[in-house]
Amino acid sequence: MYISCSAIQKILEIPDEGEAVVAGYWSQELGLCSQPTILTWKEGKVNSIEPLNLLESYPNSILRWDSYFLLPGWIDAHVHLALDSLDFYQCLENWAQPCLIEENMQGFLRHYLERGIVAIRDGGDLPGFSWLAKNRVNEGVWPGPKVISVHEAVNRVGMYGRFLGRGFKDILEWQAKERDFFDQGLDQLKVVVTGLIRFDDYQKVGPTQWSVADLKELVNAAHRLGTPVMAHASGDEGISMAITAGVDSIEHGYYMTTRQLERMREKGIAWVPTVAPIGNLLKYPNDRYSAHEINTLKRIQEAQLTKIQEAYHLNVRLGVGTDAGAYKVPHAESLYDEIDWMIQAGIPKLEVYRMATHENARILGSPELGRLDVGTPMSLLQLANDLG
Ligand SMILES: [Zn+2]
């Protein structure tokens, strides 16, 4: 078996049973400890976590992880495995060569584990590459993090999202095909509620694709099957409609308002604010955008960080998701950017760690993830080089 060692960006082979000394640990369950600690595991699961008694002699067989801290593995709540973060249009052309995409995805998956990321939620792609990746990982054929996949998104034909889903003419066409759609398999239902934001026009968002009644229909269909709903939504109208329809999480949510945050808290809806797709364009300069666009991006990013801080103080459920695969949002690395953006928004570091583990696990619908306690599988943990 293995454990992710984000401190040196490697996947370490370990025996099923063993003992190690670590520099300390943190988890939502156990709190923070920055004292040397003895960790034991049996049958691949944590058996004990005890302070190191300096007078006690311990066996030579003990693993010296004394410069690493033990943490729950990270979770990225929003990625697109089928996109390469380099060139969107070229990548869509490459989809005609599935072998190439499968090879890319295997590299991304390995990379996630090397960076301590043990689970990801994929927001979908029309050919179903992420669904394939999820199955390969589950079968043990491809090493990788646990993949929660929406398979294919639900969008309106002729509107934003043609790479995410086939597109439905209207809710009647959806209803006619609903059964087949669900039979394809999915972990969550992704609904494209609005189009994209514009980098050259502050506050402007691509059109809303469904009525509130349509959205309720989609949400209820998923909920009847016990399937959570993630909504791609930005702008006042789209976000309000998604909240009213009772989705489980709002993805992106640019131009969020205070009133909407309050309603989300009341309804227990999580927000995954994906700062990286905007922030990384500013953080890693490139010559693709005009001065006007850069200015607009800055305004969007600042507004987003302000609202994230507000959401934190209002006690809204906040997830950490990157939209990895989008331009300049590289798989795995970008989760570290996103964690930094959340800290820059003014959220204490360990609170961001809680969001990137414990809260993200809830958002994925997999509460067994994002934990460190007796009984946690070693493969769901990571050895990190700092505690914040
Ligand atoms: Zn996305």
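A short tour of the structure in this document, coming up. (Residues numbered from 1 in each chain as written. Predicted model: local features only at pLDDT ≥ 70, side-chain atom pairs only at ≥ 80, totals over all residues. Heavy atoms only, no water.)

Examining the coordination of the zinc ion
- Of the protein atoms, only H78 (NE2), H80 (NE2) and D323 (OD) coordinate the zinc ion, at distances of 2.1 to 2.4 Å.
- On the primary sequence, the residues serving as donors to the zinc ion are separated as H-x1-H-x242-D.
- Given the relative accessible area of 0%, H78 is considered buried. (Donors = N, O, S within 2.8 Å, 3.2 Å for Na, K, Ca; no water. Buried < 20%, exposed > 50% of the residue type's maximum accessible area, 1.4 Å probe, protein only.)

Regarding the sheet that holds strand β11 (residues 189-192)
- Here 4 strands make up an open sheet; going across it, the order is β11-β12-β13-β14 and the pairing parallel. Taken across any chain shown, the strands that pair with only one partner, and hence form the sheet edges, are β11 and β14 (270-272). Averaged over all adjacent pairs, the angle separating strand axes in this sheet is 25°, with direction ignored.
- By the bridge criterion, 4 bridges tie strand β12 (residues 229-233) to strand β13 (residues 249-252) in an arrangement that is parallel. Opposite H232, over in β13, you have E251 as the bridge partner.
- Running at roughly 165° to β12, helix α6 (residues 236-245) makes contact with β12 and β13 of the sheet. (Pairing = 2+ DSSP bridges. Helix = DSSP H or I, 4+ residues; strand = E, 2+ residues; numbered from the N terminus. Axes fitted to C-alpha atoms, helices over the stretch in contact; angles between N-to-C directions. Contact = heavy atoms within 4.5 Å.)

Focus on the packing of aromatic side chains
- The final tally for this structure, using the stated rule, is 14 aromatic pairs.
- Measuring from ring centre to ring centre gives 5.6 Å for W41 and W65, while their planes differ by 5°; the resulting arrangement is stacked. One end of the pair, W41, is in strand β5 (residues 37-42); the other, W65, is in strand β7 (residues 63-72), and 24 residues separate them in sequence.
- Chaining the aromatic ring pairs together yields one cluster made of F88, Y89, Y160 and F163.
- When the ring centre of W341 is taken as reference, the NZ or CZ atom of K283 above it lies at 5.5 Å.
- We note R288 situated over the ring of Y327; from NZ or CZ to the ring centre the distance is 3.6 Å. (Phe/Tyr/Trp six-rings, centres within 6.5 Å; stacked < 30°, edge-to-face > 60°. Lys NZ or Arg CZ within 6 Å of the ring centre and 35° of its normal.)

A look at unusual backbone geometry
- The backbone phi angle of D323 is positive, close to 70°, even though this residue is not glycine.
- With respect to the helices and strands, D323 occurs in the loop between α9 (291-313) and α10 (333-344).
- You can call D323 buried: its relative accessible area is 12%.
- At A332, a position not held by glycine, the phi torsion is positive, near 75°.
- As for its position among the elements, A332 is in the loop between α9 and α10.

Taken by themselves, the reported measurements are silent on function.
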